[in-house]
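Listed below, chain by chain, are the residues.
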Amino acid sequence: MPVMQGKELRIVGFLCNWCSYGGADTAGVARAEQPTDLRIIRVPCSGRVDPLFIVKALLNGADGVLVSGCHPRDCHYSAGNFYARRRLEVLKRFLPVIGIDDARFEYTWVSAAEGQRWQQVVTSFTERVHALGAAPRIEDAKPFLKVADMALKPLRTLGTGKNAPLEKLKEAIKAKLPELECVIGWQKGYDDIHTTPLFMKSAEEVDKLVWGPLNVVNTANYLSQFKGKKVGIVVKGCDSRSVVELLQENLISREAVTIFAMPCEGTLDVARVNEKLGRYTIVNAADSDGAGLLVTVDGKKHSLAMEELAQGKCRCCTHPSAVLTDVLVGDAPQAPAAAPTPPELALLDSMGLEERRGFWRGQMERCLRCYACRNACPMCVCRDHCVSDARDPHWMTQEADVVQKLFFQTIHALHLAGRCTGCGECQRACPVGIPILALRQQTARAVEELFGGYKPGFDPAAVPPLLGYEVEEQNIRETRI
Ligand code: FES
């Protein structure tokens, strides 16, 4: 077939060796006319197609990507295409959040005998991509910096935990301490408005434990380094969901962890606190009035009200109390009903694809590639095998361009699909304040919509949706071409 509309576009096809590659061959042998835009990469099974392949192609100039495997139930490895179907459907729902039209990516099934179907699939997908035209490049988008409105009304009353029974919690920890290697919590940091992790090994160290809106660090991030040892951990509601996720993935064992909890009244958004305080040299004092902190810096008094400066995740929090505990101190408040769309994601929802490309271009230009987001993530557990560091295969260059940086963020978000509990540590740790939590929130929304309202971090015995499959998926209608 002649080149469509006089211009060949770049379409990458990942075809399973056993069926679709054979189907394409059958079409060729039968001399079926096909558009010439598709460049085929043969893979052993559609289950081998990591979303990383597709994102890399789309960010690096492909105008469309097609994945084709054996029909469901016909996979040569029995279930590779069932796993692929879940991953690829999540990816399809994720792409628009970074400004890529999801119509540029499709997956389907073609058997080796279906030469005619292959011809129809490749023709109709190529026509679709031609109708969309050449893909706009993220690096060509006009930077569009907009800030999320974090002043969303909180679902519940936020406070500073001033009246929380901290002494009772300390007593409970001291009673358990002889059985444990240490207990992870928080202590006062280098000044009165910062806290740092605390690893309690003695009663004196337990006395350093603090509780309040400055306990922003997710203590679960330190848990897996104690694998094989008996440890305790003090958690907020969001931290406890990370503990559950680590249990689900067998990164820690339930018998080895003692969970201490108190109901959380919210934490402060440190970036916004710094913005409010401006440049300062010394913190003279910090006190709580129950609704916020009263802080004196360089002799000047400031009121840091929780209603105004709490983290976005705390405003939408439905589980202020730990979802799994051994020792709960204080009364668990009633869990608020369903959460609204988080502010970071609501901001992206309000934009079109072009604006989103501009938004991420602007944000990625500010990214330092420091990987604080990865290091602060309790669920980032690949260690030496992270795509950002691996040299074999070499997925990313060390160039500081927007494509490399967005590629990393996209992969980070997709690796967390069905695992991210929304603790927001990635965003909090970002030294330049990039709202990267929005990417995780979009994968979480896709997983929730697709897999019966599944939310990570609630059931230690649950199988994360992307590690399983249903032969008949309720919410996936994949036959689009
Ligand atoms: Fe073809 Fe698994 S072998 S999809």
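Residues numbered from 1 in each chain as written. Predicted model: local features only at pLDDT ≥ 70, side-chain atom pairs only at ≥ 80, totals over all residues. Heavy atoms only, no water.

1. A look at helix 4 (residues 115-132)
Then step 1. The end-to-end C-alpha distance of helix 4 is 26 Å, a good match for the 26 Å that 18 residues give at a rise of 1.5 Å each.
Then step 2. Those residues of helix 4 that fall on the buried side of the exposure criterion are Gly115, Arg117, Trp118, Val121, Val122, Thr123, Phe125, Thr126, Val129 and His130.
Then step 3. Elements in contact with the buried residues of helix 4: strand 1 (11-16), helix 1 (20-29), strand 2 (38-43), strand 3 (64-69) and strand 4 (105-109).
Then step 4. Note on helix 4: the residue one or two positions beyond its end, Gly133, has a positive phi of about 85°. (Helix = DSSP H or I, 4+ residues; strand = E, 2+ residues; numbered from the N terminus. Expected span 1.5 Å × (residues − 1). Buried < 20%, exposed > 50% of the residue type's maximum accessible area, 1.4 Å probe, protein only. Contact = heavy atoms within 4.5 Å.)

2. Considering the nonpolar core
Then step 1. Counting residues in each nonpolar core, the largest one holds 65 residues, and the members touching the most others are Phe14, Ile54, Val65, Phe105 and Trp360.
Then step 2. In terms of residue count, helix 14 (residues 402-415) provides more of this core than any other element does, 8 residues in total.
Then step 3. If near-sequence neighbours (up to four positions away) are discounted, Phe14 is found in contact with Ile41, Val43, Val49, Phe53, Ile54, Val65, Leu66, Val67 and Ser68. (Core = buried A, V, L, I, M, F, W, Y, C linked by side-chain atoms within 4.5 Å.)

3. A closer look at the sheet that holds strand 2
Then step 1. Judged by pairing direction, the sheet is parallel, and its 4 strands sit side by side in the order 2-1-3-4 without closing on themselves. Either end of the sheet is taken by a strand with one partner, and the two such strands are strand 2 and strand 4. Direction aside, neighbouring strands of the sheet carry axes that sit 20° apart on average.
Then step 2. Two elements, strand 1 and strand 2, share 6 bridges in a ladder whose sense is parallel. In the strand pairing of strand 2, Phe14 is matched with Ile41.
Then step 3. Sheet contacts for helix 3 (residues 80-94): strand 3 and strand 4; angle to strand 4, the most-contacted strand, approximately 160°. (Pairing = 2+ DSSP bridges. Axes fitted to C-alpha atoms, helices over the stretch in contact; angles between N-to-C directions.)

4. A closer look at the pairing of strand 8 (residues 257-261)
For a regular strand, side-chain orientation follows a simple rule: the groups alternate between the two sheet faces.
Then step 1. Among the 5 residues that make up strand 8, 5 are buried, leaving the element largely enclosed by the rest of the structure.
Then step 2. Burial along strand 8 is two-sided: the residues Val257, Ile259 and Ala261 and Thr258 and Phe260 are all buried.
Then step 3. Summarising the sheet, strand 7 (residues 231-235) and strand 8 pair through 5 bridges and their orientation is parallel. Its bridge partner lying in strand 8, Val231 is registered against Val257.
Then step 4. For the handedness criterion, the β-α-β arrangement of strand 7, helix 7 (residues 237-248) and strand 8 is classed as right-handed. (Right-handed = clockwise from strand over helix to strand, strands pointing away.)

5. Details of the packing of helix 3 against helix 16 (residues 437-450)
Helix-helix packing: each pair is described by the crossing angle between the helix axes and the interaxial distance.
Then step 1. Between helix 3 and helix 16, the least distance of the axes is 9 Å, while the angle of their chain directions is 130°. The orientation of helix 3 relative to helix 16 falls into the category oblique. The crossing of helix 3 and helix 16 is right-handed. The residues of helix 16 that touch helix 3, namely those facing Glu89, Val90, Arg93 and Phe94, are Leu439, Gln442, Thr443, Ala446, Val447, Glu449 and Leu450.
Then step 2. Grouping the amino acids of the contact of helix 3 with helix 16 by side-chain chemistry returns 6 nonpolar, 2 polar and 3 charged. (Parallel < 35°, antiparallel > 145°, perpendicular 65-115°, else oblique. Left-handed = near helix turned anticlockwise from the far one by under 90°. Nonpolar A, V, L, I, M, F, W, Y, C, P; charged D, E, K, R; others polar.)

6. As for the pattern of salt bridges
Then step 1. Under the definition given, this model contains 22 salt bridges.
Then step 2. Note that Glu249 and Arg419 form a salt bridge whose closest N and O atoms lie 2.7 Å from each other. Within this pair, whereas Glu249 is found in the loop between helix 7 and strand 8, its partner Arg419 is found in the loop between helix 14 and helix 15 (425-429), the two being separated by 170 residues in sequence.
Then step 3. Taking the relative accessible area as the measure of exposure, Glu249 reaches 22% and is therefore partly exposed.
Then step 4. Looking at Arg419, the relative accessible area reads 15%, which means it is buried.
Then step 5. Asp389 serves as the salt-bridge partner of Arg374, at 2.9 Å between the closest nitrogen and oxygen. Residue Arg374 is located in helix 13 (residues 372-375), and its partner Asp389 is located in the loop between helix 13 and helix 14; the two are separated by 15 residues in the primary sequence. (Salt bridge = Lys/Arg side-chain N within 4 Å of Asp/Glu carboxyl O.)

7. Focus on the packing of aromatic side chains
Then step 1. As enumerated under the stated definition, the model contains 11 aromatic pairs in all.
Then step 2. Taken together, a centroid distance of 4.9 Å and an interplanar angle of 15° make the contact between Phe82 and Tyr469 stacked. One end of the pair, Phe82, is in helix 3; the other, Tyr469, is in the segment after helix 16, and 387 residues separate them in sequence.
Then step 3. Taking the relative accessible area as the measure of exposure, Phe82 reaches 4% and is therefore buried.
Then step 4. Taking relative accessible area as the criterion, Tyr469 reaches 34% and is therefore assigned partly exposed.
Then step 5. In textbook terms, an aromatic cluster arises when at least three aromatic residues are bridged by ring pairs, as seen for Phe14, Phe53 and Trp395.
Then step 6. When the ring centre of Tyr21 is taken as origin, the NZ or CZ atom of Arg42, which lies over that ring, is 4.2 Å away.
Then step 7. Arg374 extends its terminal NZ or CZ atom over the ring of Tyr371, reaching a point 4.6 Å from the ring centre. (Phe/Tyr/Trp six-rings, centres within 6.5 Å; stacked < 30°, edge-to-face > 60°. Lys NZ or Arg CZ within 6 Å of the ring centre and 35° of its normal.)

8. Concerning unusual backbone geometry
Then step 1. Looking along the chain, the bond that leaves Asp392 and enters Pro393 is cis, with omega of 5°.
Then step 2. When you line up the elements, Pro393 lands in the loop between helix 13 and helix 14.
Then step 3. The residue Arg73 is not glycine, and still its phi comes out positive at about 80°.
Then step 4. As for its position among the elements, Arg73 is in the loop between strand 3 and helix 3.

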